[in-house]
Amino acid sequence: MTFLTPPARRAVLRYAIVLGLLILAAVGSTAPASAHATLLFTSPAADATVAESPKALLLVFDQPVALTGSTVRLTPAAAFGAATLNEDTRTVTLPLRGHMATGVRTVDWQVTARDGDMMTGSYRFAVGPHTVALHSGQATAAKDASVTAVLRWLMFAALALLLGELTGRRIAPGAGLRRWAPATALAGTATALALAALLARDGSLLDNRPGILALVETGGFFLAALAVFLRRDARAVVPLSAVLVAEALRAHPQTGHPVTGALLTFVHLVVAALWVGTWCTCCAPGPARC
């Protein structure tokens, strides 16, 4: 990085040391957390047979969840009321209306985890004589997992390149750095909007925490893109910081440790984005070399 003056190099080194210490401190204070919401218990129990028609279905998860537009579906169909969450938002209750006929029922459920991932699953139970035998058919999976993963990688790449360019121009003005900002700002806005659209398919984004965070990320990228196209690059830092905070709040570690988990993720995102983005902007092979 020969374009940096000695004072600038020392400043970068100091920042790297401080961020490294923050990472070590955060790692030492956190424990493993579940990546996705998992269905722990149901009533009636999965693969069980009950003699009488149940009054309600109960689904208990290992972490807080948010309800979506079609939380629970029964096959064959049965009349039921609106699904509700208890106070700790881990238990979903679905009241049943009328008498459920004898036979095997399949329950398909869908909820949104605190990290924003849409989780789906199914299980079966039977109503009638206990001679009915069911084999285990319970399943849980993340909805649109591949699409979501690709979009999140693209969004992080756009965030890293955009932050890297803004940082490089700040510490080395007039160094002939590449101009990634317009393209990456548009790419980030598009991917954030696509992720928000995935959540919006099952209900209003304002009804749950992951949806609100998705709106914050979309708005942050949009405002950053607006600042870039108006040649006010410095003003893009604030909305991009909002994107980083939103990602930290929706990430997996914060579900187990709301404070240190979010701090750990925020520090990781800042360091990774600045390192990757600054290298691609300043030091990647091409006309503009460090």
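For the structure itself, consult the block above.
Chains are numbered independently. Their residues run from 1 in the order of the written sequence. Totals for whole chains, interfaces and linings use all residues, but because this is a predicted model, local features are given only for residues with pLDDT of at least 70 and pairs of side-chain atoms are given and counted only at 80 or more. As a convention, hydrogens and water are excluded, and side-chain values are obtained from all of the structure's heavy atoms.

S.K.: How would you explain the overall build of the protein if you had to name every residue and give the values?
M.R.: Here a helix means four or more residues in a row that DSSP labels H or I, a strand means two or more in a row labelled E, and each is numbered from the N terminus. Secondary structure assignment for the protein yields six helices and nine strands. For every residue, the accessible area obtained with a 1.4 Å probe (protein chains only) is divided by the maximum for its type, and the residue is called buried under 20%, exposed over 50%, and partly exposed between those limits. Residue burial in the protein is summarised as follows: out of 290 residues, 42% are buried. Whether two residues touch is decided by their heavy atoms; if any such pair falls within 4.5 Å, the residues are in contact. Long-range pairs, those at least 24 residues apart, make up 65% of the contacts in the protein between residues at least 6 apart in sequence. Carbon and sulfur atoms make up 67% of the accessible area of the protein, which amounts to about 14,700 Å² in all. Only the protein chains shown count as cover for residues, with accessible areas throughout obtained via the Shrake-Rupley method and a probe of 1.4 Å.

S.K.: Can you lay out the pairing of strand E6 (residues 91–95) for me, pointing to particular residues and giving the numbers?
M.R.: We treat two strands as partners when DSSP finds at least two bridges between them. Bridge count between strand E3 (residues 56–61) and E6: five bridges; the pairing is antiparallel. In the sheet register, Leu58 faces E6, and the bridge partner there is Thr93. In this structure, strand E5 (residues 84–85) lies alongside E6, joined through two bridges in antiparallel fashion. Bridged to Thr84 within E6 is Thr93. Joining the antiparallel neighbours E5 and E6 is a turn of five residues, in which Thr89 adopts a positive phi near 55 degrees.

S.K.: Which residues make up the environment of Arg179, and what values go with them?
M.R.: The topology assignment puts Arg179 in the loop between helix H2 (145–171) and helix H3 (181–200). According to the relative accessible area criterion, Arg179 is partly exposed, its value standing at 31%. A sequence separation of 13 residues divides Arg179 from Leu166, and the C-alpha atoms of the two residues are 9.8 Å apart. Those residues in contact with Arg179, other than ones at most four positions away along the chain, are Glu165, Arg169, Val228, Arg231 and Asp233.

S.K.: Help me get a handle on the packing of H3 against helix H4 (residues 209–229), residues and values and all.
M.R.: Orientation is described by lines fitted to C-alpha atoms, with helices fitted over the stretch in contact, and by angles between N-to-C directions that extend from 0 to 180 degrees. H4 packs onto H3 with a crossing angle of 160 degrees between their chain directions and a minimal axis gap of 8 Å. If you check the angle between H3 and H4, you find them roughly antiparallel. Here H3 and H4 pass one another in a crossing that is left-handed. For the pair formed by H3 and H4, the contact residues are Ala181, Pro182, Ala185, Leu186, Gly188, Thr189, Ala192, Leu193, Ala196 and Leu199 on the first element and Pro210, Gly211, Ala214, Glu217, Thr218, Phe221, Phe222, Ala225, Val228 and Phe229 on the second. Residues are grouped as follows: Ala, Val, Leu, Ile, Met, Phe, Trp, Tyr, Cys and Pro are nonpolar; Asp, Glu, Lys and Arg are charged; every other residue, Gly included, is polar. Broken down by class, the residue content of the contact of H3 with H4 amounts to 15 nonpolar, four polar and one charged. Angular relationships are summarised with four words: roughly parallel below 35 degrees, roughly antiparallel beyond 145, roughly perpendicular across 65 to 115, and oblique for the angles in between. We call a crossing left-handed when the near helix sits turned anticlockwise from the far one by less than a right angle, and right-handed when that turn is clockwise.

S.K.: Kindly report on the environment of Arg90, identifying the contributing residues and their values.
M.R.: Assignment of secondary structure puts Arg90 in the loop between E5 and E6. Sequence-wise, Arg90 and Asp62 are 28 residues apart; in three dimensions their C-alpha atoms are separated by 6.8 Å. When residues no more than four places from it in sequence are discounted, the contact partners of Arg90 are Leu59, Val60, Phe61, Asp62, Gln63 and Pro64.

S.K.: Tell me about the pairing of E3, and name the residues and values.
M.R.: Note that strand E1 (residues 39–43) and E3 share four bridges and pair antiparallel. Within E3, the position partnered with Thr42 by the bridge is Leu59.

S.K.: Explain a nonpolar patch on the surface to me, and be specific about the residues and the numbers.
M.R.: Together, Leu206, Ile212, Leu215 and Val216 make up an exposed nonpolar region whose accessible area comes to about 330 Å². With respect to the helices and strands, Leu215 occurs in helix H4. What makes a patch is a set of residues exposed beyond 30% relative accessible area and free of salt bridges, joined within 9 Å when like-charged and within 5 Å when nonpolar (Val, Leu, Ile, Met, Phe, Trp, Tyr). Whenever a carboxyl oxygen of Asp or Glu lies within 4 Å of a side-chain nitrogen of Lys or Arg, that contact is scored as a salt bridge.

S.K.: Would you mind going over the pattern of salt bridges in detail, with residue names and values included?
M.R.: If you walk through the whole model with that rule in mind, you get two salt bridges. With a closest N to O distance of 3.0 Å, Arg152 and Glu247 form a salt bridge. Pair noted here: Arg152 is in helix H2 and Glu247 is in helix H5 (residues 237–250), with a separation of 95 residues, a long-range link.

S.K.: Tell me about the nonpolar core, and please be specific about residues and values.
M.R.: By convention a nonpolar core is built from buried Ala, Val, Leu, Ile, Met, Phe, Trp, Tyr and Cys residues, the set being connected through side-chain atoms within 4.5 Å. Ranked by internal contacts, the top residues of the largest apolar core, which has 24 residues, are Leu159, Leu162, Leu163, Phe221, Ala236, Leu240 and Leu244. Within the residue set of this core, elements represented by two or more residues are H2, H3, H4, H5 and helix H6 (260–283). The dominant element in this core, judged by the number of residues it contributes, is H2, at seven residues. Residues within four places of Ala236 in sequence aside, it is in contact with Leu166, Ala224, Ala227 and Val228. In terms of nonpolar packing, the next biggest core, distinct from the first, is built from 20 residues, Leu39, Val92, Trp109 and Tyr123 among them.

No statement about biological role is implied by the geometric values presented.
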